[in-house]
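Residue-level structural notes
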Amino acid sequence: MDIFSKIAAGDIPSYKCAESENFYAFLDINPVKEGHTLVIPRREVDYIFDMDDQELAEFQLFAKRVAVAIRKAFPCKKVAQVVLGLEVPHAHIHLIPMDAEGDVDFRREKLQLSKEQMQEIADKILANFQAE
């Protein structure tokens, strides 16, 4: 079981933003912006385009609902969707509130947020996700 599967299963703590039977969303612990969320399938699959069409469509629809919740919690021009990362062999989408393209620069210094700040951010997103 990879680290993201352990997070989705609750074996490793996370700041949950949304979940369904097949997908899970949680805050990135090294965020580039407040509200930076990772969306994963619960099923272990390394490469997003190895997902079958139905699962990929459901994944995108779930990510869309999370993006709507992020935008309500953190008003911004758009929520960026980025598929990036080789460190964890588990498909994932980064959702990042953005007002400028520089907000999605992964080379910039990551935010240093307290556990309390992270929990508050996750709670805001989760509340908006559940309100739909």
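Note that the structure is a prediction, hence the values are computed from the model and not measured. (Residues numbered from 1 in each chain as written. Predicted model: local features only at pLDDT ≥ 70, side-chain atom pairs only at ≥ 80, totals over all residues. Heavy atoms only, no water.)

**Examining the side chain of His36**
Looking at the element boundaries, His36 is found in the loop between strand S2 (23-27) and strand S3 (37-41). Residue classification places His36 among the buried positions, given a relative accessible area of 1%. Not counting residues within four places of it along the chain, the set of residues in contact with His36 comprises Leu27, Asp28, Asn30, Pro31, His94, Leu95, Ile96, Pro97 and Phe106. (Helix = DSSP H or I, 4+ residues; strand = E, 2+ residues; numbered from the N terminus. Buried < 20%, exposed > 50% of the residue type's maximum accessible area, 1.4 Å probe, protein only. Contact = heavy atoms within 4.5 Å.)

**Brief notes about the nonpolar core**
Soluble globular proteins: nonpolar side chains tend toward being buried together. The biggest cluster of nonpolar side chains holds 30 residues, and the ones touching the most others in it are Leu27, Val39, Phe59, Phe62, Val66, Leu95 and Ile125. Sorting the residues of this core by element identifies strand S1 (16-19), S2, helix H2 (53-73), strand S5 (93-98) and helix H3 (115-131) as the ones contributing at least two each. Of all the elements, H2 adds the most residues to this core, at nine residues. Setting aside its immediate chain neighbours within four residues, Leu27 contacts Tyr15, Cys17, Gly35, His36, Thr37, Met118, Ile121, Ala122 and Ile125. Of all hydrophobic cores here, the second largest spans eight residues; its members include Phe4, Ala8, Phe26 and Ile40. (Core = buried A, V, L, I, M, F, W, Y, C linked by side-chain atoms within 4.5 Å.)

**Things to note about the packing of aromatic side chains**
Per the stated rule, a full pass over the model turns up six aromatic pairs. With a centroid separation of 5.7 Å and an interplanar angle of 85°, the aromatic rings of Tyr47 and Phe49 are classed as edge-to-face. Judged by its relative accessible area of 47%, Tyr47 falls in the partly exposed class. The class for Phe49 is exposed, based on a relative accessible area of 57%. Measuring from centroid to centroid gives 5.6 Å for Phe62 and Phe129, while their planes differ by 65°, and the two rings are edge-to-face. (Phe/Tyr/Trp six-rings, centres within 6.5 Å; stacked < 30°, edge-to-face > 60°.)

**Here we look at H3**
Helical periodicity: at 3.6 residues per turn, an α-helix aligns residues three or four positions apart in one direction. Relative to the 24 Å expected for 17 residues at 1.5 Å per residue, H3 spans 24 Å between its end C-alpha atoms, a close match to the ideal helical length. Of the residues making up H3, those classed as buried are Met118, Ile121, Ala122, Ile125, Leu126 and Phe129. For H3, the buried positions fall inside an angular range of 130° around the axis, keeping them on one side. Across H3 from its buried face, at more than 90 degrees, point the exposed residues Glu116, Glu120, Gln130 and Ala131. (Expected span 1.5 Å × (residues − 1). Arc of directions from axis to C-beta.)

**Section: the sheet that holds S3**
If you trace the five strands from one edge of the open sheet to the other, you get S1-S2-S3-S5-S4, paired in antiparallel fashion. If you trace the sheet from one side to the other, it starts and ends with S1 and strand S4 (78-82), each paired once. For this sheet, the mean angle separating the axes of adjacent strands, direction not counted, is 20°. As judged from the five bridges shared by S2 and S3, these two strands associate in the antiparallel manner. Bridge pairing links Phe26 to Leu38 in S3. Taken strand by strand, H2 contacts S1, S2, S3, S4 and S5, and its axis lies near 155° from that of S3. Together, S1, S2 and S3 form the strand contacts of H3, whose direction differs from that of S1 by roughly 25°. (Pairing = 2+ DSSP bridges. Axes fitted to C-alpha atoms, helices over the stretch in contact; angles between N-to-C directions.)

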